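Residues per chain are reported as follows:
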Amino acid sequence: MLWDAFLQLLDLWIVAAALIGITTGVIIGAIPGLGPTMAIALLIPVTFAMQPVPAMILLLGVYQGAIFGGSISAVLLNVPGTPSSAATAMDGFPMARRGEGGRALRLALFASVFGNIFSCLVLMALAEPLARLALDFGPAEMAVLMLFALLVIVLFGGGSRLDALIMVLVGVCAGIVGLDPISGTPRFTFNSFAMESGFQLIPVLIGLFAMSEVFLQVFNRAPEVSADDMPELRSSHVSFAEMWRMRLTLLYSSMIGTFVGILPGIGSTVPAFMSYSLARSRSKEPETFGKGAAEGIAAPEAANNAVTGGALVPTLALGIPGDAVTAVILGAFMLHGLAPGPFLFEKNGLEVYAIFEALLFSSIPTVVLGLLLFRAAIHVTRIQPRHLLPAIAILALFGAFSVNNNLFDVWVMLGAGFFGFLFRRSGFPLPPLLIGLILGHPFEQSVRQALLTSGGKFGIFADSPITLILLVLIVVSITTSIFVYYRSKRSGRDG
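Residues numbered from 1 in each chain as written. Predicted model: local features only at pLDDT ≥ 70, side-chain atom pairs only at ≥ 80, totals over all residues. Heavy atoms only, no water.

S.K.: Can you help me understand the environment of Gly175 in this one?
M.R.: With respect to the helices, strands and loops of the structure, Gly175 is situated in helix 7 (residues 161-175). Remark: the alpha-carbon pair of Gly175 and Ile435, spanning 260 residues in sequence, is separated by 9.7 Å. For Gly175, the residues in contact, after removing those within four places along its chain, are Leu437 and His441. (Helix = DSSP H or I, 4+ residues; strand = E, 2+ residues; numbered from the N terminus. Contact = heavy atoms within 4.5 Å.)

S.K.: What should I look at first to understand a nonpolar patch on the surface in this one?
M.R.: Among the surface-exposed residues, Phe114, Leu126, Leu248, Leu251, Tyr252, Met255, Phe259 and Leu278 lie close enough to one another that they form a single nonpolar patch of about 600 Å² accessible area. Put simply, the parts of the chain that give the nonpolar patch at least two residues each are helix 5 (86-134) and helix 10 (247-262). The element contributing the most residues to the nonpolar patch is helix 10, with five residues. (Patch = residues over 30% accessible without salt bridge, like charges linked within 9 Å, V, L, I, M, F, W, Y side chains within 5 Å. Areas by Shrake-Rupley, 256 points an atom, 1.4 Å probe, with all protein chains shown as cover. Salt bridge = Lys/Arg side-chain N within 4 Å of Asp/Glu carboxyl O.)

S.K.: Mind showing me how you'd approach the packing of aromatic side chains here?
M.R.: Two numbers describe a pair of aromatic rings. These are the distance of the centres and the angle of the planes. In total, this model carries ten aromatic pairs according to the counting rule given. Where Phe345 meets Tyr353, the ring centres are 6.1 Å apart and the plane angle is 65 degrees; that geometry is what we call edge-to-face. Under the relative-accessibility criterion, Phe345 is labelled buried at 7%. For the pair Phe418 and Phe419, a centre-to-centre distance of 5.7 Å together with 70 degrees between the ring planes defines the contact as edge-to-face. What links up through ring pairs into an aromatic cluster is the set Phe418, Phe419, Phe423 and Phe428. (Phe/Tyr/Trp six-rings, centres within 6.5 Å; stacked < 30°, edge-to-face > 60°. Buried < 20%, exposed > 50% of the residue type's maximum accessible area, 1.4 Å probe, protein only.)

S.K.: Just to check I follow, could you spell out the nonpolar core for this structure?
M.R.: Within the largest apolar cluster, 102 residues are counted, with the highest numbers of intra-cluster contacts made by Ile40, Tyr63, Ile329, Phe356 and Leu434. No other element matches helix 6 (residues 139-156), which puts twelve residues into this core. Once residues lying within four places of it in the same chain are set aside, the contact partners of Tyr63 are Pro36, Ile40, Val307, Thr308, Ala311, Asp323, Val325, Thr326 and Ile329. Grouped together as the second largest cluster of nonpolar side chains are 27 residues, Ala108, Met246, Leu250 and Ala298 included. (Core = buried A, V, L, I, M, F, W, Y, C linked by side-chain atoms within 4.5 Å.)

Rendered as structure tokens:
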């Protein structure tokens, strides 16, 4: 299957899709204020006429390219293109100010590629065995697993746990709008026939991440980036020997990014800062961090790019998205007839492994395109996000309509954009809402199916070894969260 999947990648359209996706992702990631989630949500309607493999390779290429592209504006302007690039800016920008912007970008590029290769290998090793294990999951096991995923998002997603809990509940409530999964009676539809099918995922995604960004940019007037703010980008090189000296840092950071990325809802920002802190604690010269240390650039970039493969493991094997971006990608997989979950590898194994191998081999064009785009990056970072607002708004409108050729979806997209704008202005996180929306309906269905098969006995949720292990993990997660909370509170009082 691996060889047959590789032969599929020799198609010219697939190669073109990978190149276009990576280039688009690098450019979008380099523009402060934009990001991979919004870009992928907007591009999903563009892939309607494409075959599943080139379509997914295009979107995943955008994902990979945007994560690295965020480091370009972080290094050159001290303005992270993506949230996870904030850790890269701490040493990348001081290095650029010394006139070594080219070296900083090369360090970020090579570390990104290393993290991507590592996580892709882990993805190829774990995804199918995990999917086979999931074949033993009944409704009770799936219900407890999804409960654990939602709990992890609330406890360890960063920020206020109360805010995350509210967003998860909002998402779950939005996810159960429509027909009852057991009886088929309408719920929360307000006698609207259009709402009986529930809120379609793609219009909601486009509204939450694209249209809400338009509203935010309209109300938040960001200062212009002038030519005087741009540091000089001198020609410089990073040798293999220098990267080899950082091999343990790259390995540890990639492991952190991959395995933290597997946890639902964490995203790439947390592992980026975790790996930065680890690199500084292990360094023989920790005082150089924050002043342009090479490891301070390599560690977070390896980690946030390794999240790409890690977050895809639960997304494809279990149908549970690892972060906001993979939640959007999950919608794209479903749209192209590749339903993530235990049966994905049985029904579409060849296509899935072709996508895996494309992710792995895309490291080569990423290096080449990254090196070629460094000079153009200066001009890209000068683009003001508000100059792109009309194009983003038009793409959002057409994208929402084109899903089902239905005007109702456009109103759903605009409503999601308005509420997304309000939530973001108020400081509420969107990823918990999105993952709650995706898991709300299947969670309810699994719970009710389990109770129906057991005659209404809740003991079914603790009857099997799998549910017992998941319940233990839930208890451990809650205990760990409480311990971390009180320890941080005590250390704050001591300080």
